[in-house]
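Next come the chains, spelled out residue by residue.
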Amino acid sequence: MTEQVLQDLITALRRSGVRISLSESIDAVSAAKLIGYGDRTTLRDSLAATLAKSQPEKEIFNTCFDLFFSLHDFPDGEGTDGLLCGTAIDSPLTQMVLSGDRAGLSMAMHEAGEHVEIRGIRFFTQKSLYIQKVMKHMGIEGLDGDMRRFQREKTLTSQQKAEALRQARAELYERVRDFVERQYRLFAHFATEEMILRYLRDARLSHIERQDFHRIHTLVRKMVKRLNDVHSRRKKRAKRGSLDFKKTLRDNLGYQGLLFEQRWRAERVDRPDILALCDVSRSVQAVARFMLLFLYSLNEAVAKIRSFIFCSNLVEVSHIFQEHPVEEALERLQNGRNLSIQLGRTDYGQAFRDFKEKWLDLVTNKTTVLILGDARSNYGNPETGILKLLHERSKRVMWLNPEPPTFWGTGDSEMKRYLPYCFLVRECSTVNHLDRIVDFLLKTR
Amino acid sequence: MKPYHDRAFVSIETIQRGFADVGYVCSPQIATTLYLAYHLGKPILVEGPAGVGKTELAKASANYLGAPLIRLQCYEGLDESKALYEWKYGKQLLYTQILKDKLNEVMQGAEDIASSIDRLRQYNDIFFSSDFLEPRPLLKALQQEAGAVLLVDEVDKSDQEFEAFLLEMLSDFQVSIPEIGTIRADLKPFVVLTSNNTREMSEALKRRCLHLFIPFPDAKLERAIIQTHVPDLSDDLRRQLVSFIQQARDLDLKKAPSVSETIDWAKVLVLLHASSLNPDLVRETLNVFLKFEEDIETVEEHLYGLTRKAIETV
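Here is a short report on the structure shown in this document. (Residues numbered from 1 in each chain as written. Chains lettered and ligands numbered in written order. Predicted model: local features only at pLDDT ≥ 70, side-chain atom pairs only at ≥ 80, totals over all residues. Heavy atoms only, no water.)

What about the overall build of chain A?
Right, on to step 1. Looking only at helices and strands, chain A features 19 helices and eight strands.
Right, on to step 2. Among the 445 residues that make up chain A, the fraction classed as buried is 49%.
Right, on to step 3. A fraction of 72% describes how many contacts in chain A between residues 6 or more apart in sequence connect residues 24 or more apart. (Helix = DSSP H or I, 4+ residues; strand = E, 2+ residues; numbered from the N terminus. Buried < 20%, exposed > 50% of the residue type's maximum accessible area, 1.4 Å probe, protein only. Contact = heavy atoms within 4.5 Å.)

Points about the side chain of D144 of chain A
Right, on to step 1. Here D144 of chain A shows up in helix α8 (residues 140-152).
Right, on to step 2. At a separation of 2.8 Å, a polar atom in the side chain of D144 of chain A contacts the side chain of R169 of chain A. (Polar contact = N/O pair within 3.5 Å; in protein donor to acceptor, adjacent residues only side chain to side chain.)

Re helix α7 (residues 127-138) of chain A
Residues and elements named next belong to chain A.
Right, on to step 1. With twelve residues, α7 ought to run about 16 Å at 1.5 Å a step, and its terminal C-alpha atoms sit 17 Å apart, in line with that.
Right, on to step 2. Every buried residue of α7 is listed here: K127, Y130, I131, V134, M135 and M138. Along the axis of α7, the buried positions cluster into a sector of 135°, meaning they face one direction only.
Right, on to step 3. At the C-terminal side of α7, G139 shows a positive phi close to 100°. (Expected span 1.5 Å × (residues − 1). Arc of directions from axis to C-beta.)

Remarks on the sheet that holds strand β8 (residues 424-427) of chain A
All names here are of chain A.
Right, on to step 1. As summarised here, the arrangement of the six strands in space is β5-β4-β3-β6-β7-β8, forming an open sheet in which the pairing is mixed. The open sheet is flanked by β5 (314-316) and β8, the only strands paired with a single partner. In this sheet, neighbouring strand axes are inclined to one another by 20° on average, regardless of whether the strands run parallel or antiparallel.
Right, on to step 2. As paired elements, strand β3 (residues 273-279) and strand β6 (residues 367-372) share six bridges and run parallel to each other. Looking at β6, one finds that C278 is bridged to L372.
Right, on to step 3. Contacts from helix α13 (residues 285-297) reach β3, β4 (304-310), β6 and β7 (396-401), with the element oriented near 165° to β3. (Pairing = 2+ DSSP bridges. Axes fitted to C-alpha atoms, helices over the stretch in contact; angles between N-to-C directions.)

What about the interface of chain B and chain A?
Right, on to step 1. At the junction of the two partners, chain B supplies 24 residues and chain A supplies 24 residues.
Right, on to step 2. Between chain B and chain A, a total of about 2,100 Å² is buried, with carbon and sulfur atoms accounting for 59% of that surface.
Right, on to step 3. A per-residue breakdown of the area chain B buries against chain A is headed by L36, R207 and H211 of chain B, which together make up 24% of the total.
Right, on to step 4. Counting across the interface, chain B meets chain A through one salt bridge.
Right, on to step 5. Of the charged contacts, one joins K42 of chain B and D27 of chain A as a salt bridge, the two residues approaching to 2.7 Å between their closest N and O atoms.
Right, on to step 6. If you look at where chain B meets chain A, you find six residue pairs in polar contact (both at pLDDT 80 or more).
Right, on to step 7. Looking at the side of chain B that touches chain A, the elements with two or more residues in it are α3 (28-40), α6 (89-98), α10 (160-172), α11 (203-208) and β9 (210-213) of chain B.
Right, on to step 8. For the side of chain B that touches chain A, the element with the highest residue contribution is α3 of chain B, accounting for eight residues.
Right, on to step 9. Residues of the side of chain B that touches chain A, tallied by class, amount to ten nonpolar, seven polar and seven charged. (Buried area = accessible area lost by both parts, 1.4 Å probe. Salt bridge = Lys/Arg side-chain N within 4 Å of Asp/Glu carboxyl O. Nonpolar A, V, L, I, M, F, W, Y, C, P; charged D, E, K, R; others polar.)

By themselves these figures say nothing about function.
As structure tokens, this is what we get:
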């Protein structure tokens, strides 16, 4: 019995995003056995020590624990004992309600919850269904029957009983609703959030509503954390077949200078050096915003970045990210304050010319040039020559286009002309695309 | 751990009292985790801000159990040879030199290489026996016959490779040495790992440990701590001091004052024979518990308000 309770708590925790392995749940069971269920605080502390293994997880754990073990299902109230004259035909629920048997009611409710498998609740729309189910299993039909019977009998006591039952029924409904609500918050609340996030991963960034921005930020933070974990270690690449003679000598001193163990040379793999050029015209703005969020959330240890934005002309914006926290910096870019950028007709040719004039020196054979834009240049000179130059000078040029490939080259899109000078061209319109591209960027340094 | 240690861990209250006796005031949460760690035989991973007594917890445990404390300080680049064991190369060389004549004696009469190898084999691998093994902290902790407290300090500073290497040690309390075999602990050591959260520890490591987060103590607990460490401080002043520190932690500081710094401040105030806080006294001693110029400036701005509030709490 007790193990089932713990199992349910663990299920609730898992649904809320706490990762709990099998061995940890075994630990929790043995801890609970050792401590016993006598003292609530001690039990909470010991389960927290075995199940929740970081500060955020501890917070989730505390919420779940309180929801799970809340015992005040039925607040203290007066039983209407006087009305209970022990008529044998009354249903058990009627008897419990009239005698004010709170413990009994609470137990019946939990039992009913168990029976209708309330753990399976997923959506808030299911709440009323589960309320009905729980009430039904507790025997609400018997109670309703009793109530009708009392109403039909014209004696004073039965009228009083009917009235008391009506009130009690309303109260019972409230309690069951609270109960279901609590179970919903325990088992489904986070799951729903999780589902929205999953949907947002593949939603087109340009279509995302403002109110979902904070969700996207959470999402990006999660992805960035994963990327940081994977890529933050300094990579080394073995130079195959070349002996590090000094190190070999040093390490073999212990063997009287006999060379038992060879040491090979390895070279440190550099952090990626990124130049990001973002189109910030209306069509690309949303994607640019999130790509910059992505790049700048990455740990300093992972990548070196300089960023530029352009519309009719090109300006550098790296300093904004250095002076302000990422999210504020993004706001500043959005409204273009204190930047000498002209938000007129998009002109890729002009942007490339500006870049060539002022910043071409930055491009070395270690640089990755990342261009984000739809390549719609309003029929101006596309300056493919400059892109060719970049292609030759840099390690590689990557172009991210928020439009799907079928639109490339249609109308004023110059994508087809830029294509030959890019190492890689990808469609990039969702958070998932961004994640994959940044991952690729870090993987192939 | 030995049966006589069981008495020390018989209940949560006993632990709390016992630790208080050795000068460590622990909250019920800490005591519960210690109790579980002892009875489930699991290591404790302690996290929390700097200076809340993570390392001190291990020292106090050793003190309380009367067992030796073996400490392994982690840093980037720490590897097996520094954490587990190393062969005493020097001693091996020296012995072969000294025993040269003896070896010649042994070899005398052997006609060819095969028979001399045969003779050598009779002496087994004497040069790779435990006599020539230099045990480092982890191995030492396993070898203690009366049990030990093993402190792996700042495990987040070590590399991921080392963290993976710790796993065998933490789950089975055994290590493998290729030349000798597997060494197992007769008595499981009581293991405490501390982390300052400079990087997230791996799931595998967390799974094997109980997790304890020690936050900054609340006012009541902090007063108890100060009382244990600086008994000479008067009651009123202790209240004022703790209230001041607690308020200072709520300010936007680069590094909030830790418990150890509160203790330092209390000691300084005793030395200065202070009887009550006043703004001038606080200003002169701010640098005892604030370690950044900006922080000192921030607190100085609020100095009068904070001091007044602190004095009013008495």
